Amino acid sequence: DIPRDCAVLVIAGPQTLFSQQEIERISRYLSGGGRLLLLLENAYANGLLPLLAAWGIQLEPPPAELDSRLATGVRKTASTQYGNHPIAKMLRNTQCIFSSPCMVSPVSQEGASEQSDKQSVTPVVYAETRADASYPIAVASELGAGNLLENPANPRLFVCGDSDFDYNANLSGY
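These numbers were taken from a predicted model, which means no experiment stands behind them. (Residues numbered from 1 in each chain as written. Predicted model: local features only at pLDDT ≥ 70, side-chain atom pairs only at ≥ 80, totals over all residues. Heavy atoms only, no water.)

(A) Fine view of the overall build of the protein chain. Within the protein chain, the secondary structure is distributed over 3 helices and 11 strands. Counting all 174 residues of the protein chain, 40% fall into the buried class. When the accessible area of the protein chain is evaluated, it comes to approximately 9,400 Å², of which 51% is carbon and sulfur surface. (Helix = DSSP H or I, 4+ residues; strand = E, 2+ residues; numbered from the N terminus. Buried < 20%, exposed > 50% of the residue type's maximum accessible area, 1.4 Å probe, protein only. Areas by Shrake-Rupley, 256 points an atom, 1.4 Å probe, with all protein chains shown as cover.)

Written out as structure tokens, the structure is:
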């Protein structure tokens, strides 16, 4: 199992399929108040899709417009668009660079009841495809009433659709 004193479990660019036993361990860790930072390379999430769906998150391949642009030799896309989540505040006035990110967004909550124990999924970073279009590539999911600042003890999950992104403070030679 994941140690109880683990402050944040980081899964960065997984290369193999997770076993059912590993997924159950991660799920128990989150259910027990844990935190997970998940950085993915593709929309298939190496077997973690059911876990993400349980936390109100879905993954999709990049939109055709961005995917075709990446296929023509442009390997990276930049973003300066951020959501209103507290995590996004530290990214303001920066540019993040992503390599072929997948889309990460909230699962439709149609008909969902207003419960204090349901997930709140908030987009954090958007990738820009052209002047009038963008799509979420990083989201935060929190369980329970309040947000990160109101209730820091809530279990939470942060998912980014790219594992090798960087921001302009580290891109002196880009």
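(B) Region of interest: the nonpolar core. Counting residues in each nonpolar core, the largest one holds 23 residues, and the members touching the most others are Ile26, Leu52 and Val159. Considering every element that reaches this core, the biggest residue donor is helix H1 (residues 20–31), with 4 residues. Membership of the second largest hydrophobic core comes to 16 residues, among which are Tyr82, Leu91, Ala127 and Cys160. (Core = buried A, V, L, I, M, F, W, Y, C linked by side-chain atoms within 4.5 Å.)

(C) Representation of the side chain of Asn46. Tracing the chain through its elements places Asn46 in the loop between strand S2 (35–39) and helix H2 (49–54). Owing to a relative accessible area of 12%, Asn46 belongs among the buried residues under this scheme. Within the local environment of Asn46, its side chain forms a polar contact with the backbone oxygen of Thr16, the two atoms lying 3.2 Å apart. In contact with Asn46, not counting residues within four places along its chain, are Pro14, Gln15, Thr16, Leu17 and Phe18. (Polar contact = N/O pair within 3.5 Å; in protein donor to acceptor, adjacent residues only side chain to side chain. Contact = heavy atoms within 4.5 Å.)

(D) Here's a closer look at H1. Given a rise of 1.5 Å per residue, 12 residues ought to cover 16 Å, and the 16 Å separating the end C-alpha atoms of H1 matches this to within 8%. Residues of H1 that are buried: Ile23, Ile26, Tyr29 and Leu30. Buried residues of H1, viewed axially, fall in a sector of 120°; they line one side. Exposed side of H1, more than 90 degrees from the buried face: Gln20 and Ser31 are the residues found there. (Expected span 1.5 Å × (residues − 1). Arc of directions from axis to C-beta.)

(E) Region of interest: the pattern of salt bridges. By the definition in use, this model includes 2 salt bridges. Residue Asp1 is joined to Arg25 by a salt bridge in which the shortest nitrogen-to-oxygen separation is 3.6 Å. Separated by 24 residues along the polypeptide, Asp1 in the segment before strand S1 (9–12) and Arg25 in helix H1 bring together distant segments of the chain. Owing to a relative accessible area of 65%, Asp1 belongs among the exposed residues under this scheme. Between Arg28 and Asp1 there is a salt bridge; the shortest N-O distance is 2.7 Å. A residue pair is termed long-range when its members are at least 10 positions apart, and Arg28 in helix H1 and Asp1 in the segment before S1 qualify at 27 residues. (Salt bridge = Lys/Arg side-chain N within 4 Å of Asp/Glu carboxyl O.)

(F) Up close: the pairing of strand S3 (residues 57–60). Here S3 shows a buried face lined by Ile57 and Leu59 and an unburied face lined by Gln58 and Glu60. Pairing analysis gives 4 bridges linking S3 to strand S7 (residues 103–106), with the strands arranged antiparallel. When the sheet's bridge partners are listed, Glu60 is paired in S7 with Met103. (Pairing = 2+ DSSP bridges.)

(G) Fine view of the state of the cysteines. Tallying each qualifying case throughout the model produces 0 disulfides. Left without a disulfide partner, Cys102 is nearest to the cysteine sulfur of Cys160, which lies 8.1 Å away. By relative accessible area, which is 2% here, Cys102 ends up buried. (Disulfide = S-S within 2.5 Å.)

(H) Region of interest: the environment of Val139. Summarising the element assignment, Val139 is placed in strand S9 (residues 133–143). Distance from Val139 to Pro106, taken between C-alpha atoms, is 7.8 Å for residues 33 residues apart in sequence.

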